[in-house]
Amino acid sequence: MARKPAPANKKRKSVSYRRCGYFFIAPFFILYLVFQLYPLLNTFYWSFFSYIKRNLQVTIEFCGFQNYLNVLGITPGETAYFFTYLKNTVIMWLCGFIPQILLSLLLAAWLTNNRIKLRGRSVIKVMTYMPNIIAASSISVLFGALFSQYGPITVTLKKLGVLASNFDFMQNISGTRGLISFILFWMWYGNTTLLLISGMIGINPHLYEAAEIDGASGRQSFFRITLPLLRPVLLYVLVTSAIGGFQMYDIPALFNSTKSGYQGKPADSTTTVTMYIMRLYSSDVGKAAATCILLFIVTLCVSLIFFFSMGNKEKRHERKARKLDAKAARKSN
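Right, let's walk through the structure included here. (Residues numbered from 1 in each chain as written. Predicted model: local features only at pLDDT ≥ 70, side-chain atom pairs only at ≥ 80, totals over all residues. Heavy atoms only, no water.)

Side note on the environment of Ile153
Here Ile153 is to be found in helix 6 (residues 152-159). With 10 residues separating them along the chain, Ile153 and Phe143 place their C-alpha atoms 9.6 Å apart. Apart from residues lying up to four places away in sequence, Ile153 is in contact with Leu146 and Phe147. (Helix = DSSP H or I, 4+ residues; strand = E, 2+ residues; numbered from the N terminus. Contact = heavy atoms within 4.5 Å.)

In C-alpha coordinates, the structure reads:
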(Lines give C-alpha, C1' and ligand atoms only; values in the text may rest on other atoms or scores of the structure.)
Protein backbone atom coordinates (compact mmCIF):
# COMPACT_ATOMS: atom_id res chain seq x y z
CA MET A 1 0.00 0.00 0.00
CA ALA A 2 1.20 3.50 -0.76
CA ARG A 3 1.95 5.82 2.15
CA LYS A 4 -0.34 8.73 2.74
CA PRO A 5 1.33 12.09 2.10
CA ALA A 6 1.99 14.14 5.23
CA PRO A 7 -0.36 17.06 5.81
CA ALA A 8 0.92 20.31 4.37
CA ASN A 9 0.24 22.26 7.58
CA LYS A 10 2.51 20.05 9.69
CA LYS A 11 6.05 21.42 9.81
CA ARG A 12 9.08 19.33 10.55
CA LYS A 13 10.32 19.88 14.08
CA SER A 14 13.89 21.19 14.36
CA VAL A 15 16.08 22.06 17.29
CA SER A 16 17.22 25.68 17.48
CA TYR A 17 20.47 26.43 19.23
CA ARG A 18 20.28 30.20 18.85
CA ARG A 19 19.47 30.81 22.49
CA CYS A 20 22.10 28.45 23.89
CA GLY A 21 24.78 31.14 23.73
CA TYR A 22 22.83 33.28 26.18
CA PHE A 23 23.05 30.53 28.80
CA PHE A 24 26.86 30.46 28.48
CA ILE A 25 27.26 34.23 28.89
CA ALA A 26 24.55 34.57 31.55
CA PRO A 27 26.85 33.74 34.55
CA PHE A 28 29.14 36.66 33.71
CA PHE A 29 26.29 39.16 33.52
CA ILE A 30 24.66 37.82 36.68
CA LEU A 31 27.91 38.13 38.64
CA TYR A 32 28.53 41.56 37.15
CA LEU A 33 25.07 42.81 38.11
CA VAL A 34 25.25 41.41 41.66
CA PHE A 35 28.87 42.12 42.61
CA GLN A 36 29.80 45.17 40.50
CA LEU A 37 26.91 47.16 39.09
CA TYR A 38 24.68 46.96 42.19
CA PRO A 39 27.49 47.98 44.62
CA LEU A 40 28.37 50.88 42.32
CA LEU A 41 24.77 52.14 42.20
CA ASN A 42 24.40 51.60 45.94
CA THR A 43 27.60 53.57 46.59
CA PHE A 44 26.31 56.38 44.36
CA TYR A 45 23.07 56.40 46.38
CA TRP A 46 24.76 56.62 49.79
CA SER A 47 27.10 59.36 48.61
CA PHE A 48 24.17 61.80 48.94
CA PHE A 49 23.64 60.99 52.63
CA SER A 50 25.47 62.00 55.78
CA TYR A 51 26.04 58.51 57.19
CA ILE A 52 28.06 58.98 60.39
CA LYS A 53 29.04 56.17 62.79
CA ARG A 54 30.11 57.18 66.32
CA ASN A 55 30.13 55.06 69.46
CA LEU A 56 27.86 52.39 67.98
CA GLN A 57 25.35 55.10 67.01
CA VAL A 58 24.45 55.81 63.41
CA THR A 59 22.95 59.07 62.12
CA ILE A 60 21.68 59.23 58.53
CA GLU A 61 20.57 62.48 56.88
CA PHE A 62 20.17 63.50 53.25
CA CYS A 63 22.82 66.10 52.36
CA GLY A 64 22.85 66.19 48.54
CA PHE A 65 26.24 67.04 47.06
CA GLN A 66 27.70 68.19 50.39
CA ASN A 67 29.88 65.08 50.73
CA TYR A 68 31.47 65.81 47.36
CA LEU A 69 32.10 69.42 48.31
CA ASN A 70 33.67 68.33 51.60
CA VAL A 71 35.95 65.74 50.00
CA LEU A 72 37.08 68.15 47.28
CA GLY A 73 37.79 70.86 49.90
CA ILE A 74 35.28 73.32 48.42
CA THR A 75 33.41 73.70 51.72
CA PRO A 76 35.10 76.20 54.09
CA GLY A 77 37.08 74.43 56.79
CA GLU A 78 37.46 71.20 54.80
CA THR A 79 40.79 70.01 53.39
CA ALA A 80 41.05 68.63 49.86
CA TYR A 81 42.51 65.30 50.91
CA PHE A 82 41.22 63.65 47.75
CA PHE A 83 43.60 65.60 45.49
CA THR A 84 46.51 65.06 47.88
CA TYR A 85 46.06 61.31 48.00
CA LEU A 86 45.30 61.13 44.28
CA LYS A 87 48.66 62.81 43.63
CA ASN A 88 50.40 60.24 45.86
CA THR A 89 48.68 57.42 43.99
CA VAL A 90 49.53 58.76 40.53
CA ILE A 91 53.19 59.37 41.42
CA MET A 92 53.73 55.85 42.76
CA TRP A 93 51.80 54.26 39.87
CA LEU A 94 53.68 56.15 37.14
CA CYS A 95 57.08 55.55 38.73
CA GLY A 96 56.32 51.83 38.66
CA PHE A 97 54.47 51.60 35.35
CA ILE A 98 56.81 53.56 33.04
CA PRO A 99 59.87 51.32 33.61
CA GLN A 100 57.53 48.31 33.65
CA ILE A 101 56.15 48.92 30.14
CA LEU A 102 59.58 49.80 28.75
CA LEU A 103 61.24 46.66 30.13
CA SER A 104 58.29 44.50 29.09
CA LEU A 105 58.47 45.77 25.50
CA LEU A 106 62.21 45.09 25.42
CA LEU A 107 61.85 41.56 26.84
CA ALA A 108 58.88 40.73 24.61
CA ALA A 109 60.72 41.88 21.48
CA TRP A 110 63.81 39.96 22.57
CA LEU A 111 61.96 36.73 23.36
CA THR A 112 59.97 36.77 20.09
CA ASN A 113 62.84 37.69 17.77
CA ASN A 114 63.68 34.68 15.61
CA ARG A 115 67.02 36.20 14.62
CA ILE A 116 68.26 35.76 18.16
CA LYS A 117 68.92 32.08 18.78
CA LEU A 118 68.10 32.14 22.48
CA ARG A 119 67.93 28.94 24.48
CA GLY A 120 65.60 28.38 27.38
CA ARG A 121 62.97 30.93 26.37
CA SER A 122 60.27 29.05 28.27
CA VAL A 123 62.36 29.12 31.44
CA ILE A 124 62.90 32.88 31.08
CA LYS A 125 59.17 33.45 30.61
CA VAL A 126 58.39 31.45 33.76
CA MET A 127 61.02 33.34 35.76
CA THR A 128 59.69 36.73 34.65
CA TYR A 129 56.17 35.77 35.68
CA MET A 130 57.08 34.26 39.07
CA PRO A 131 56.98 37.55 41.10
CA ASN A 132 53.35 37.96 40.06
CA ILE A 133 52.45 34.68 41.78
CA ILE A 134 53.68 35.83 45.21
CA ALA A 135 51.09 37.53 47.37
CA ALA A 136 51.41 41.30 47.63
CA SER A 137 51.22 41.17 51.42
CA SER A 138 54.25 38.83 51.61
CA ILE A 139 56.29 41.02 49.27
CA SER A 140 55.42 44.18 51.22
CA VAL A 141 56.46 42.67 54.55
CA LEU A 142 59.64 41.21 53.00
CA PHE A 143 60.74 44.53 51.45
CA GLY A 144 59.84 46.34 54.66
CA ALA A 145 62.23 44.08 56.57
CA LEU A 146 65.01 44.30 53.96
CA PHE A 147 64.96 48.09 53.68
CA SER A 148 64.22 49.06 57.28
CA GLN A 149 66.74 51.16 59.17
CA TYR A 150 68.62 48.06 60.34
CA GLY A 151 67.66 45.83 57.42
CA PRO A 152 70.40 43.86 55.61
CA ILE A 153 70.21 45.83 52.35
CA THR A 154 70.17 49.21 54.10
CA VAL A 155 73.12 48.26 56.32
CA THR A 156 75.09 46.95 53.32
CA LEU A 157 74.51 50.13 51.30
CA LYS A 158 75.63 52.22 54.28
CA LYS A 159 78.83 50.17 54.62
CA LEU A 160 79.57 50.62 50.92
CA GLY A 161 79.13 54.37 51.28
CA VAL A 162 76.11 54.54 48.94
CA LEU A 163 73.83 55.82 51.70
CA ALA A 164 74.51 58.18 54.59
CA SER A 165 74.93 56.63 58.01
CA ASN A 166 71.67 58.18 59.29
CA PHE A 167 69.59 57.46 56.18
CA ASP A 168 66.29 55.62 56.69
CA PHE A 169 64.09 54.56 53.79
CA MET A 170 61.04 54.47 56.04
CA GLN A 171 61.48 58.11 57.06
CA ASN A 172 62.34 59.41 53.60
CA ILE A 173 59.47 60.34 51.25
CA SER A 174 61.34 59.64 48.01
CA GLY A 175 62.81 56.42 49.42
CA THR A 176 59.46 55.01 50.55
CA ARG A 177 57.67 56.00 47.34
CA GLY A 178 60.52 54.61 45.27
CA LEU A 179 60.40 51.24 47.05
CA ILE A 180 56.63 50.97 46.65
CA SER A 181 56.98 51.80 42.95
CA PHE A 182 59.73 49.22 42.61
CA ILE A 183 57.54 46.55 44.24
CA LEU A 184 54.75 47.35 41.78
CA PHE A 185 57.20 47.23 38.88
CA TRP A 186 58.78 43.96 40.03
CA MET A 187 55.42 42.27 40.62
CA TRP A 188 53.73 43.17 37.34
CA TYR A 189 56.41 43.41 34.65
CA GLY A 190 56.21 39.65 34.04
CA ASN A 191 52.46 39.72 33.47
CA THR A 192 52.82 42.65 31.07
CA THR A 193 55.65 40.89 29.24
CA LEU A 194 53.53 37.79 28.60
CA LEU A 195 50.64 39.91 27.33
CA LEU A 196 52.94 41.72 24.90
CA ILE A 197 54.51 38.43 23.81
CA SER A 198 51.07 37.04 22.96
CA GLY A 199 50.38 40.15 20.89
CA MET A 200 53.70 39.98 19.05
CA ILE A 201 53.25 36.28 18.26
CA GLY A 202 49.98 37.14 16.52
CA ILE A 203 51.69 39.49 14.05
CA ASN A 204 52.16 37.98 10.58
CA PRO A 205 55.87 37.02 10.22
CA HIS A 206 55.73 37.71 6.47
CA LEU A 207 55.59 41.42 7.28
CA TYR A 208 59.00 41.20 8.95
CA GLU A 209 60.38 39.15 6.04
CA ALA A 210 59.18 41.75 3.55
CA ALA A 211 60.65 44.57 5.67
CA GLU A 212 63.98 42.70 5.89
CA ILE A 213 64.06 42.26 2.10
CA ASP A 214 63.44 46.00 1.70
CA GLY A 215 66.44 46.67 3.93
CA ALA A 216 64.64 47.73 7.10
CA SER A 217 66.62 47.48 10.32
CA GLY A 218 65.35 45.81 13.48
CA ARG A 219 64.62 49.20 15.01
CA GLN A 220 62.59 50.31 12.00
CA SER A 221 60.62 47.05 11.99
CA PHE A 222 59.85 47.47 15.67
CA PHE A 223 58.56 51.03 15.39
CA ARG A 224 56.87 50.70 11.98
CA ILE A 225 55.40 47.18 12.25
CA THR A 226 55.40 45.88 15.83
CA LEU A 227 54.15 48.91 17.75
CA PRO A 228 51.31 49.87 15.36
CA LEU A 229 50.00 46.28 15.22
CA LEU A 230 50.46 45.89 18.97
CA ARG A 231 48.16 48.83 19.69
CA PRO A 232 45.13 46.79 20.93
CA VAL A 233 47.28 44.87 23.43
CA LEU A 234 48.99 48.08 24.58
CA LEU A 235 45.58 49.67 25.07
CA TYR A 236 44.50 46.74 27.23
CA VAL A 237 47.71 46.95 29.28
CA LEU A 238 47.36 50.70 29.79
CA VAL A 239 43.70 50.57 30.84
CA THR A 240 44.06 47.61 33.21
CA SER A 241 47.23 49.07 34.73
CA ALA A 242 45.51 52.42 35.28
CA ILE A 243 42.54 50.74 36.97
CA GLY A 244 44.82 48.70 39.21
CA GLY A 245 47.07 51.68 39.93
CA PHE A 246 44.24 53.96 41.06
CA GLN A 247 42.92 51.17 43.29
CA MET A 248 46.32 50.60 44.91
CA TYR A 249 45.92 49.58 48.53
CA ASP A 250 47.62 46.44 49.84
CA ILE A 251 51.28 47.29 49.17
CA PRO A 252 51.31 50.86 50.62
CA ALA A 253 49.06 49.81 53.52
CA LEU A 254 51.41 47.00 54.58
CA PHE A 255 54.80 48.38 53.63
CA ASN A 256 55.11 51.55 55.71
CA SER A 257 51.94 52.76 57.43
CA THR A 258 50.31 53.20 60.81
CA LYS A 259 48.89 50.22 62.70
CA SER A 260 45.46 50.82 61.23
CA GLY A 261 46.90 50.70 57.70
CA TYR A 262 44.94 53.80 56.67
CA GLN A 263 47.74 56.37 56.77
CA GLY A 264 51.00 55.95 54.87
CA LYS A 265 54.30 57.07 56.31
CA PRO A 266 56.22 59.35 56.32
CA ALA A 267 54.05 62.44 56.74
CA ASP A 268 51.05 60.93 54.95
CA SER A 269 53.05 60.89 51.70
CA THR A 270 52.23 57.29 50.69
CA THR A 271 48.53 57.33 51.55
CA THR A 272 46.50 56.33 48.50
CA VAL A 273 42.88 57.14 47.67
CA THR A 274 41.70 53.66 48.64
CA MET A 275 43.44 53.95 52.01
CA TYR A 276 41.62 57.26 52.48
CA ILE A 277 38.33 55.55 51.60
CA MET A 278 38.92 52.86 54.21
CA ARG A 279 39.77 55.52 56.79
CA LEU A 280 36.56 57.42 56.06
CA TYR A 281 34.43 54.28 56.08
CA SER A 282 35.12 53.70 59.77
CA SER A 283 33.46 57.02 60.70
CA ASP A 284 31.72 58.72 57.75
CA VAL A 285 30.27 56.34 55.18
CA GLY A 286 28.82 59.17 53.09
CA LYS A 287 32.21 60.77 52.50
CA ALA A 288 33.71 57.37 51.73
CA ALA A 289 31.00 56.72 49.13
CA ALA A 290 31.55 60.16 47.56
CA THR A 291 35.30 59.47 47.36
CA CYS A 292 34.60 56.13 45.67
CA ILE A 293 32.47 57.83 43.02
CA LEU A 294 35.12 60.49 42.42
CA LEU A 295 37.76 57.79 42.04
CA PHE A 296 35.49 55.96 39.60
CA ILE A 297 35.07 59.14 37.53
CA VAL A 298 38.84 59.78 37.44
CA THR A 299 39.54 56.18 36.43
CA LEU A 300 36.87 56.33 33.73
CA CYS A 301 38.26 59.59 32.31
CA VAL A 302 41.82 58.24 32.19
CA SER A 303 40.62 55.02 30.54
CA LEU A 304 38.68 56.99 27.91
CA ILE A 305 41.75 59.14 27.21
CA PHE A 306 43.80 55.99 26.62
CA PHE A 307 41.04 54.49 24.49
CA PHE A 308 40.67 57.48 22.17
CA SER A 309 44.39 58.23 21.96
CA MET A 310 45.35 54.60 21.26
CA GLY A 311 42.37 53.83 19.04
CA ASN A 312 42.64 53.08 15.35
CA LYS A 313 42.80 56.48 13.64
CA GLU A 314 42.38 55.00 10.16
CA LYS A 315 38.98 53.56 11.06
CA ARG A 316 37.93 56.91 12.48
CA HIS A 317 38.91 58.66 9.25
CA GLU A 318 36.99 56.03 7.27
CA ARG A 319 33.88 56.58 9.41
CA LYS A 320 34.14 60.35 9.00
CA ALA A 321 34.57 59.95 5.24
CA ARG A 322 31.51 57.70 5.08
CA LYS A 323 29.45 60.21 7.05
CA LEU A 324 30.55 63.04 4.77
CA ASP A 325 29.73 60.97 1.68
CA ALA A 326 26.31 60.13 3.13
CA LYS A 327 25.61 63.81 3.82
CA ALA A 328 26.72 64.77 0.32
CA ALA A 329 24.49 62.08 -1.19
CA ARG A 330 21.49 63.35 0.81
CA LYS A 331 22.08 66.91 -0.32
CA SER A 332 22.39 65.87 -3.95
CA ASN A 333 19.13 63.92 -3.71
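Focus: the pairing of strand 2 (residues 57-62)
Counting buried positions along strand 2 yields zero of six residues, so the element is predominantly exposed. Summarising the sheet, strand 1 (residues 49-54) and strand 2 pair through six bridges and their orientation is antiparallel. Within strand 2, the position partnered with Phe49 by the bridge is Phe62. (Buried < 20%, exposed > 50% of the residue type's maximum accessible area, 1.4 Å probe, protein only. Pairing = 2+ DSSP bridges.)

Section: the packing of aromatic side chains
Here the structure, examined in full by the defined rule, presents 26 aromatic pairs. Look at Trp93 and Phe246: their rings are 5.8 Å apart centre to centre, the planes differ by 40°, and that puts the pair in the tilted class. Note that Trp93 is positioned in helix 3 (residues 81-112) and Phe246 in helix 10 (residues 231-246), a separation of 153 residues in sequence. You'll find Trp93 and Phe246 in the same group, each marked buried. Ring plane angle 10° and centroid distance 5.9 Å describe the contact between Phe143 and Phe147, whose orientation is recorded as stacked. The exposure classification of Phe143 matches that of Phe147, with both residues buried. Aromatic ring contacts, followed pair by pair, group Phe143, Phe147, Phe167, Phe169, Phe182, Phe185, Trp186 and Tyr189 into a single cluster. Its end group placed over the ring of Tyr281, Lys53 keeps NZ or CZ at 4.4 Å from the ring centre. (Phe/Tyr/Trp six-rings, centres within 6.5 Å; stacked < 30°, edge-to-face > 60°. Lys NZ or Arg CZ within 6 Å of the ring centre and 35° of its normal.)

Focus on unusual backbone geometry
Between Lys265 and Pro266 the backbone carries a cis peptide bond, its omega angle lying at -10°. Structurally, the position occupied by Pro266 is in the loop between helix 11 (250-255) and helix 12 (273-281). Unlike most non-glycine residues, Asp268 shows phi in positive territory, near 65°. Residue position: Asp268 is located in the loop between helix 11 and helix 12. Judged by its relative accessible area of 18%, Asp268 is buried.

A look at the pattern of salt bridges
Applying the stated criterion across every chain yields a total of one salt bridge. Two residues, Lys287 and Glu78, come together in a salt bridge whose shortest N-O distance is 3.4 Å. Note that Lys287 is positioned in helix 13 (residues 285-310) and Glu78 in the loop between helix 2 (66-71) and helix 3, a separation of 209 residues in sequence. On the accessibility criterion, Glu78 (32% relative accessible area) is partly exposed. (Salt bridge = Lys/Arg side-chain N within 4 Å of Asp/Glu carboxyl O.)

Overview of the packing of helix 3 against helix 12
Relative to each other, helix 3 and helix 12 sit at 140°, their axes nearing to 8 Å. Regarding the angle of helix 3 to helix 12, the classification is oblique. Here Tyr81, Phe82, Tyr85, Leu86 and Thr89 of helix 3 come into contact with helix 12, specifically with Val273, Tyr276 and Arg279. Taken together, the residues of the contact of helix 3 with helix 12 break down into six nonpolar, one polar and one charged. (Axes fitted to C-alpha atoms, helices over the stretch in contact; angles between N-to-C directions. Parallel < 35°, antiparallel > 145°, perpendicular 65-115°, else oblique. Nonpolar A, V, L, I, M, F, W, Y, C, P; charged D, E, K, R; others polar.)

Notes on helix 9 (residues 218-229)
Along its 12 residues, helix 9 runs 15 Å from first to last C-alpha, staying within 8% of the 16 Å computed at 1.5 Å per residue. For helix 9, the secondary structure elements touched by its buried residues are helix 3, helix 7 (173-201) and helix 8 (205-213). (Expected span 1.5 Å × (residues − 1).)

Regarding a nonpolar patch on the surface
A cluster of nonpolar side chains, namely Tyr22, Phe24, Ile25, Phe28, Phe29, Ile30, Leu31, Tyr32, Leu33, Val34 and Phe35, defines an oily patch on the protein surface of about 1200 Å² accessible area. Note on placement: Phe35 falls in helix 1 (residues 20-46). Its relative accessible area of 59% is what places Phe35 among the exposed residues. (Patch = residues over 30% accessible without salt bridge, like charges linked within 9 Å, V, L, I, M, F, W, Y side chains within 5 Å. Areas by Shrake-Rupley, 256 points an atom, 1.4 Å probe, with all protein chains shown as cover.)

Focus on the packing of helix 8 against helix 9
In the contact formed by helix 8 and helix 9, the axes pass within 11 Å of each other and the chain directions differ by 160°. As the angle between them shows, helix 8 and helix 9 are arranged roughly antiparallel. Crossing of helix 8 against helix 9: the hand is right-handed. In this structure, helix 8 uses Leu207, Tyr208 and Ala211 to contact helix 9, whose residues at the interface are Ser221, Ile225, Thr226 and Leu229. Partitioning the contact of helix 8 with helix 9 into residue classes produces five nonpolar, two polar and no charged. (Left-handed = near helix turned anticlockwise from the far one by under 90°.)

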